[in-house]
Amino acid sequence: MDYRETHVPNAPTTAAHRRPSSTARAPVMRKRSLRDLDVAGKRVLLRADFNVPLAQDGDGRRVADDSRIRGAVPTIEYLRERGAAVIVCSHLGRPRGVVRDELRLAPVAGVLAALIGAPVRSVDDCVGPDVEAAAAALGPGDMLLLENLRFHPEEEANDAGFASRLAALADLYVNDAFGAAHRAHASVDAVARLLPSAAGLLLQAEIDRLADVFAGAGAVALVSGGAKVSDKLGLLHSVVVRADVLCIGGAMANTFLLANGTDVAASLAEPDMADEAHAIQAEAERHGCRLLLPVDAVIAQGPDQPPRARPLQLAEETLPPGWRILDIGPRSIEQFGAALREVQTVVWNGPMGLFEREAFAGGTRALARLLAGLEADVIVAGGETLAATAQAGVADRMAHRSTGGAAALELIEGRALPGIEALADA
């Protein structure tokens, strides 16, 4: 099915679809930035997000995608250029408090060294006498990469003693791990309260771009996809109060369709969330938020089966028993596009269909191309969403590509993120 020629009409802007200024959220409290610290001659504990995908080849494990490592480079270079010794810590995967050789950070050290053009020493733990000695031996501009923080159960427990051992390695603390900022873990929360702390360049950029999405005068839209309404209840309830447009796709939309009386047959949905779907729609109507659901769908008898040749028109046709909705169709893209042309900011999170299967990735990629053609600032968050913009060849046309999926949504929703709250105020 070819979405490339989908026509997206221009829709008129109407006052009824503008949010009143009283709904805008006040800007968040400003946090101390890295640029506010005197780092010369200091040892800086830098919390980075090196939770990268690894692949196995003939030469052993390698980093399959270095985007998150690249994201930390500006902060590392800033510190090194100003004479700081940099002690980097991160988690990788979910070792659940035990040492797992396949989740060691050794592959990251090589990639990081190549990116910054300098040696990166690594150690086989993140606390202990050997680590303390290695940290003490660092000179200005030197780099040390600690071992996977989550090899210690105390990390995820936000243990004060573990945080003290990390803090003892350095004079200052900088958090640049936005992807972990929503976790109250020792290296994110507790340690920030033990040392003079600040937000790194990457984390500060995320705060600046995401925390005040609804504070401006322009209209704002959320495009939300993915599997479950239950995963995004707080976000949806928050957004319909403040946004102008909410477009819902993916399996999430099936729950709303089911709640509205559409037979979704064997499609993935959450029947027990029907009442919540009704409540969100009612809230949207009360607050003047246009909530749009798909009007057509790509269907198949299963994810491994070929799609039906033409999309199902949801208002006119019945989904055959045993069939599934696996993607949105071209008319849905048109409808979303008409509404999104009215807004100044679009936040997109979540695919519109079973994006990991080529046969059902068309709607998600079409949406990526549509958003790239808007005059609005487009903020993209979430791994699959970022991948969709890359596959559609439009990644560089997005205003902001967030490094954190869950953290980005929680910040937009208005939640307090432990990794930000723990930092010193500006």
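In this text the structure is predicted, and so the values were computed from the model without any measurement.

Novice: I'm lost on the pattern of salt bridges in this one. Help?
Specialist: Where side chains of opposite charge bring their charged atoms close, a pairing between them can arise. Counting across every chain of the model gives 18 salt bridges. The residue Arg209 makes a salt bridge to Asp377 at a minimum N-O spacing of 3.4 Å. Here Asp377 lies in strand β16 (residues 377-380) and Arg209 lies in helix α6 (residues 201-210), a separation of 168 residues in the sequence. By relative accessible area, which is 24% here, Arg209 ends up partly exposed. The partner of Arg357 in a salt bridge is Asp304, and the shortest N-O contact between them spans 2.4 Å. On the criterion of sequence distance, the pair formed by Arg357 in the loop between β15 (345-349) and α11 (362-372) and Asp304 in the loop between β12 (296-300) and β13 (312-313) is long-range, its members being 53 residues apart.

Novice: Help me out: how do you make sense of unusual backbone geometry in this one?
Specialist: For residues that are not glycine, phi is negative in most cases, and the peptide bond is trans in most cases. Residue Asn158 is not a glycine yet carries a positive backbone phi of 55 degrees. Considering the arrangement of structural elements, one finds Asn158 in the loop between α4 (153-156) and α5 (160-167). In this structure Asn158 comes out as partly exposed when scored by relative accessible area, which is 22%. A positive phi angle, near 50 degrees, is found at Ala265, a position not held by glycine. Take Ala265: it is sitting in the loop between α8 (250-259) and α9 (274-286).

Novice: Just to check I follow, could you spell out empty space enclosed by the protein for this structure?
Specialist: It is a probe the size of a water molecule, rolled over the atoms, that shows where empty space is left. All told, the structure shown has two cavities of 30 Å³ or more when counted by the stated rule. Each pocket or cavity is described by its volume, and for the largest cavity that value is around 70 Å³. Together, Asp49, Ser67, Arg68, Gly71, Ala72, Asp176, Ala177, Phe178, Gly179, Leu202 and Thr403 line the largest cavity. Counting residues per element, the lining of the largest cavity draws most heavily on helix α1 (residues 67-81), at four residues. Residues of the lining of the largest cavity, tallied by class, amount to four nonpolar, four polar and three charged. Its volume calculated, the second largest cavity comes out at about 30 Å³. Where the lining of the second largest cavity is concerned, the elements lending two or more residues are α8, β12 and β14 (324-328). If you tally residues by element for the lining of the second largest cavity, the top one is α8, at four residues. The residue inventory of the lining of the second largest cavity, partitioned by class, reads six nonpolar, two polar and two charged.

Novice: Honestly, the sheet that holds strand β10 (residues 245-248) in this entry has me stumped. Any pointers?
Specialist: Strand order across the open sheet formed by six strands is β11-β10-β9-β15-β16-β17, with parallel pairing between neighbours. Strands at the two margins of the open sheet, each flanked by one partner only, are β11 (290-292) and β17 (400-401). As paired strands, strand β9 (residues 220-224) and β15 are joined by five bridges and run parallel to one another. Of the residues in β15, the one forming a bridge with Ser224 is Asn349. Here helix α10 (residues 330-340) sits on the sheet and contacts β9, β10, β11 and β15; the angle it forms with β10, its principal contact strand, is near 165 degrees.

Novice: Help me understand the pairing of β15, please; the structure alone is not making it clear to me.
Specialist: Side-chain direction in a regular strand flips from residue to residue, so the side chains alternate between the two faces of the sheet. Taken across its five residues, β15 has five buried, putting it largely inside the fold. Going residue by residue along β15, you find Thr345, Val347 and Asn349 tucked away on one face and Val346 and Trp348 tucked away on the opposite face as well. Sheet analysis places β15 next to β16, joined by four bridges and oriented parallel. Residue Trp348 lies in a different strand from β16, and its bridge partner there is Val380.

Novice: Help me understand the sheet that holds strand β8 (residues 197-199) in this model?
Specialist: By definition, the strands of a sheet pair up through backbone hydrogen bonds, in either a parallel or an antiparallel sense. In spatial order, the strands read β5-β6-β4-β1-β7-β8; together these six strands make up an open sheet with parallel pairing. Among the strands making up the open sheet, the edge pair consists of β5 (121-122) and β8. Sheet analysis places β5 next to strand β6 (residues 143-145), joined by two bridges and oriented parallel. Bridge assignment links Ser122 to a residue of β6, and that residue is Leu145. Where α1 meets the sheet, it contacts β1 (43-47), β4 (85-89), β6 and β7 (172-175), and its direction lies at approximately 180 degrees from that of β1.

Thresholds applied
Residues numbered from 1 in each chain as written. Predicted model: local features only at pLDDT ≥ 70, side-chain atom pairs only at ≥ 80, totals over all residues. Heavy atoms only, no water. Salt bridge = Lys/Arg side-chain N within 4 Å of Asp/Glu carboxyl O. Helix = DSSP H or I, 4+ residues; strand = E, 2+ residues; numbered from the N terminus. Buried < 20%, exposed > 50% of the residue type's maximum accessible area, 1.4 Å probe, protein only. 1 Å grid on protein atoms, 1.4 Å probe; cavity = no way out; pocket = protein on both sides within 12 Å on 5 of 7 lines; lining within 4 Å. Points joined across faces, edges and corners; volume = space filled by probe spheres on them. Nonpolar A, V, L, I, M, F, W, Y, C, P; charged D, E, K, R; others polar. Pairing = 2+ DSSP bridges. Contact = heavy atoms within 4.5 Å. Axes fitted to C-alpha atoms, helices over the stretch in contact; angles between N-to-C directions.

By themselves, these figures tell us nothing about what the structure is for.
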